[in-house]
Amino acid sequence: MAIPKVVIETDAILLGAGDQEITHGLATLQAVPEHPLALAYVVVVICQQGEVEFEVNFQSYHLKKHDFLVLAEDSIALLKQRSPDLLCSFYLLKRSSAADVAYLLPNHLFSYLNKHPYFAATLECKAFVSVWEQHVRQVFARSSGYRRQMLINAFQNLFLFLSEQADNQKQQLRNDYSRQEMICWKFWEMLSVQCRQHREVAFYADALHITPYYLSQLTKRFFNDSPKTLIDRQVVLEIKKELRQPQHSIQQIADALNFADPSYLGKYFSRHTGMGPTEYRASIS
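Residues numbered from 1 in each chain as written. Predicted model: local features only at pLDDT ≥ 70, side-chain atom pairs only at ≥ 80, totals over all residues. Heavy atoms only, no water.

*Asks:* Give me the packing of aromatic side chains: which residues, what numbers.
*Replies:* As enumerated under the stated definition, the model contains 13 aromatic pairs in all. Ring geometry for Phe110 and Trp188: centres 5.8 Å apart, planes at 70 degrees, overall edge-to-face. On the criterion of sequence distance, the pair formed by Phe110 in helix α2 (residues 108-115) and Trp188 in helix α6 (residues 179-194) is long-range, its members being 78 residues apart. The partly exposed category is assigned to Phe110, whose relative accessible area is 22%. Overall, Trp188 belongs to the buried group, its relative accessible area being 17%. Judged by centre distance (5.1 Å) and plane angle (90 degrees), the ring pair of Phe203 and Tyr204 falls under edge-to-face. Through pairs of rings, three or more aromatic residues link up here, namely Phe68, Tyr112 and Phe119. Arg199 extends its terminal NZ or CZ atom over the ring of Phe259, reaching a point 3.8 Å from the ring centre. Over the ring of Tyr268 we find Arg199, and its NZ or CZ is 5.8 Å from the ring centre. (Phe/Tyr/Trp six-rings, centres within 6.5 Å; stacked < 30°, edge-to-face > 60°. Helix = DSSP H or I, 4+ residues; strand = E, 2+ residues; numbered from the N terminus. Buried < 20%, exposed > 50% of the residue type's maximum accessible area, 1.4 Å probe, protein only. Lys NZ or Arg CZ within 6 Å of the ring centre and 35° of its normal.)

See the structure below:
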């Protein structure tokens, strides 16, 4: 793959969130701290040339050309050693963009990536990722109002491709779960189904036969967020999905998502997004 002529950063700080919702670039990773890296909410690092060894969540991964890692904000990632000619491309997503990307992805992918962040350069992976990177660079070069949605779609395609890899090991992952992981991922699965009707942490805790406090401990450990934050984020995504359907009135959306009235829905949506439902609908039309 031809390396685009862009400014090459060397400081590992670049793997943090930055100013943009979605960021990409190239890095030689020369100035690297000895402590764990500060990471954006989602980080994809692809080795373009040379070799590099990362330690992620206490497991070592040796990346060669075309190998890549998928890291999360709470990953414990250290760069152990690198070759002098190392060059990596990187793609960063902030929380808001990552939530929009994750909305349509299968739940088991997240547990897979937590345990298996490394992808070797098989012929299939190399071919797909090479074309994907070319496409993403073309989208980044655009200035149209559709660029963000095109990038969201592109990252969904990447992670759906990775989901195929996860599908082959779902049974193995299920057997590897600890009891705490099982509870946490069961909550995640329930959330995707029940959030349209239930926004109370107590509902999910009762269904899982645990206390709200214990559920909070688990979600903070595995998802780096409180249960209420995860619930609200999913509900907001559901509201956005409904608002994208112009034939659905605000009253119908409020009814579908179990809000007492459109005014309550509007206040809830505004509190989490900074704009009202009508304003949001106008912004995407």
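*Asks:* So, the pattern of salt bridges: which residues are in play, and what are the values?
*Replies:* By the definition in use, this model includes 9 salt bridges. Here Glu238 and Arg196 are joined by a salt bridge, their closest N and O atoms 2.7 Å apart. Of this pair, Glu238 sits in helix α9 (residues 227-243) while Arg196 sits in the loop between α6 and α7 (201-207), and the two are 42 residues apart along the sequence. You can call Glu238 buried: its relative accessible area is 6%. With a relative accessible area of 23%, Arg196 lands in the partly exposed category. One network of salt bridges, in which partners are shared, links Glu73, Arg95, Asp225 and Arg233. (Salt bridge = Lys/Arg side-chain N within 4 Å of Asp/Glu carboxyl O.)

*Asks:* So, unusual backbone geometry: which residues are in play, and what are the values?
*Replies:* We note that Leu29 has phi near 55 degrees; this positive angle belongs to a residue other than glycine. Relative to the assigned elements, Leu29 resides in strand β2 (residues 22-31). When its relative accessible area of 3% is taken as the criterion, Leu29 is described as buried. Located in the positive-phi region is Asn258, a residue other than glycine, with phi close to 65 degrees.

*Asks:* So what about the environment of Ala254? Which residues, and what values?
*Replies:* Positionally, Ala254 belongs in helix α10 (residues 250-256). Judged by its relative accessible area of 0%, Ala254 is buried. Separated by 58 residues in the primary sequence, Ala254 and Arg196 have C-alpha atoms spaced 9.9 Å apart. Beyond its immediate stretch of four places on either side in the chain, Ala254 contacts Phe259, Asp261, Pro262 and Leu265. (Contact = heavy atoms within 4.5 Å.)

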